[in-house]
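Here is how the chains run, residue by residue.
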Amino acid sequence: MNATAFKDLDDEAALQLDANGNLRHLLTLKGLQKSLLTDILDDAEAYLTQMGSLPARSQSLRGRTIANLFFEPSTRTRASFDLAGKRLGADVLNLDVNTSSRKKGESILDTIYTLEAMQVDVMVVRDASIGVPAYIVSNVLDHVSILNAGEAEVSHPTQGLLDVLTIRQHKKKFEDLIVTIVGDIRHSRVATSAAHALATLGVGELRTVSPAALAPDPNALPGVVVMDDLDKGVEGADVVMALRIQRERIDDLDGIPGVDEYFANYGISRQRLKKAARDVIVMHPGPMNRGIEIESEVADGPMSVITRQVTNGVAIRMAVLDRVTQSMVAR
Ligand code: CP
């Protein structure tokens, strides 16, 4: 399967809503209405409890079956969809792709049809090829929902939602904020989904900082201020998000600095953050490469909201699962 095999599908934003404007699938944050986006954030807030107390539970998905289909590695997204489904009372199937019949040449659609025949209601899909979630949407039965859990470099919608929820919890008014994303923007679905959500929420200024080889394509993120100097990029920033270099999506490493040079120029350190806003928060979607894109003192320090992002990830996935299964009832 090549990386562009599924590109030419219909408008994904339209595909993910039903005739009444309810969320049937979650493929992208691009074009998702502000009211729907903020409703999901509000729903997720209701699923957050104090750390140390029991996590929130409900039986809203009782009788439903969710299948996690991760054709790329994951810790956070897969574990949080698993927990989210179980905490809502669903049966959750985690397909081990490495021991599945895909290794014997079964096509992705035959895997999907097989799970559909077992009465799976929601399929959570991560894949390295662009367009796979939308391709599956156009081939499943009407009652099945597809959730995009990471699609090549183009979309990671639940990550974008948990990122803006984390920002909202700490900063409240998006229009006053300067948000700086540092690192491998070009290959990052996290940056793309965050940029779409932040644009919808009316962020004051979104900057990216990276070496030229990792800068976004000129038309990929409209309205974004593209920079290559980290000192200038963090100046006055209210939110700084560090990203790892996504080597699995880079064919040619020419132009990408070595580890020491990278950290010296693009690593997030306490020293570097002195030019940011006094109450800056530091984010990272994980997995982190400490000492390359972020130093441990920052990752584990008072400015860091990285573990909060992880906690919010479960709540966001609960909110999204609730929403797509509610629209199943209405269908
Ligand atoms: N942020 C994120 O997608 O992490 P995982 O790859 O561990 O799911």
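Now for a look at the structure at hand. (Residues numbered from 1 in each chain as written. Predicted model: local features only at pLDDT ≥ 70, side-chain atom pairs only at ≥ 80, totals over all residues. Heavy atoms only, no water.)

### A closer look at the site of the ligand
Close to the ligand lie Ser74, Thr75, Arg76, Thr77, Arg126, His156, Gln159, Pro285 and Gly286, which account for all nearby residues. Between the ligand and Ser74, the relevant distance is 2.6 Å, taken from an oxygen atom to a side-chain nitrogen or oxygen of the residue. Measuring from an oxygen atom of the ligand, one finds a backbone N or O atom of Thr75 at 2.8 Å. Summarising the interface, the protein chains cover 92% of the accessible area of the ligand, which totals 260 Å² for the free molecule. (Near = heavy atom within 4 Å. Polar contact = N/O pair within 3.5 Å; in protein donor to acceptor, adjacent residues only side chain to side chain. Areas by Shrake-Rupley, 256 points an atom, 1.4 Å probe, with all protein chains shown as cover.)

### Quick notes on the sheet that holds strand E5 (residues 178–182)
In spatial order, the strands read E7-E6-E5-E8-E9; together these five strands make up an open sheet with parallel pairing. Either end of the sheet is taken by a strand with one partner, and the two such strands are strand E7 (225–227) and strand E9 (281–283). Recorded for the sheet is a direction-independent mean angle of 20° between the axes of neighbouring strands. In this sheet, E7 lies alongside strand E6 (residues 205–209) in parallel orientation, the contact comprising three bridges. (Pairing = 2+ DSSP bridges. Helix = DSSP H or I, 4+ residues; strand = E, 2+ residues; numbered from the N terminus. Axes fitted to C-alpha atoms, helices over the stretch in contact; angles between N-to-C directions.)

### Structural notes on the packing of aromatic side chains
Overall, the coordinates contain one aromatic pair when judged by the stated rule. Geometrically, the ring pair formed by Tyr262 and Tyr266 is tilted, given 5.5 Å between the ring centres and 40° between the ring planes. Note that Tyr262 and Tyr266 are positioned in helix H9 (residues 259–266) at a spacing of four residues, about one turn of the helix. According to the relative accessible area criterion, Tyr262 is buried, its value standing at 1%. Looking at Tyr266, the relative accessible area reads 9%, which means it is buried. Geometry around Phe71 places Arg102 over its ring, the cationic atom sitting 4.6 Å from the centre. (Phe/Tyr/Trp six-rings, centres within 6.5 Å; stacked < 30°, edge-to-face > 60°. Buried < 20%, exposed > 50% of the residue type's maximum accessible area, 1.4 Å probe, protein only. Lys NZ or Arg CZ within 6 Å of the ring centre and 35° of its normal.)

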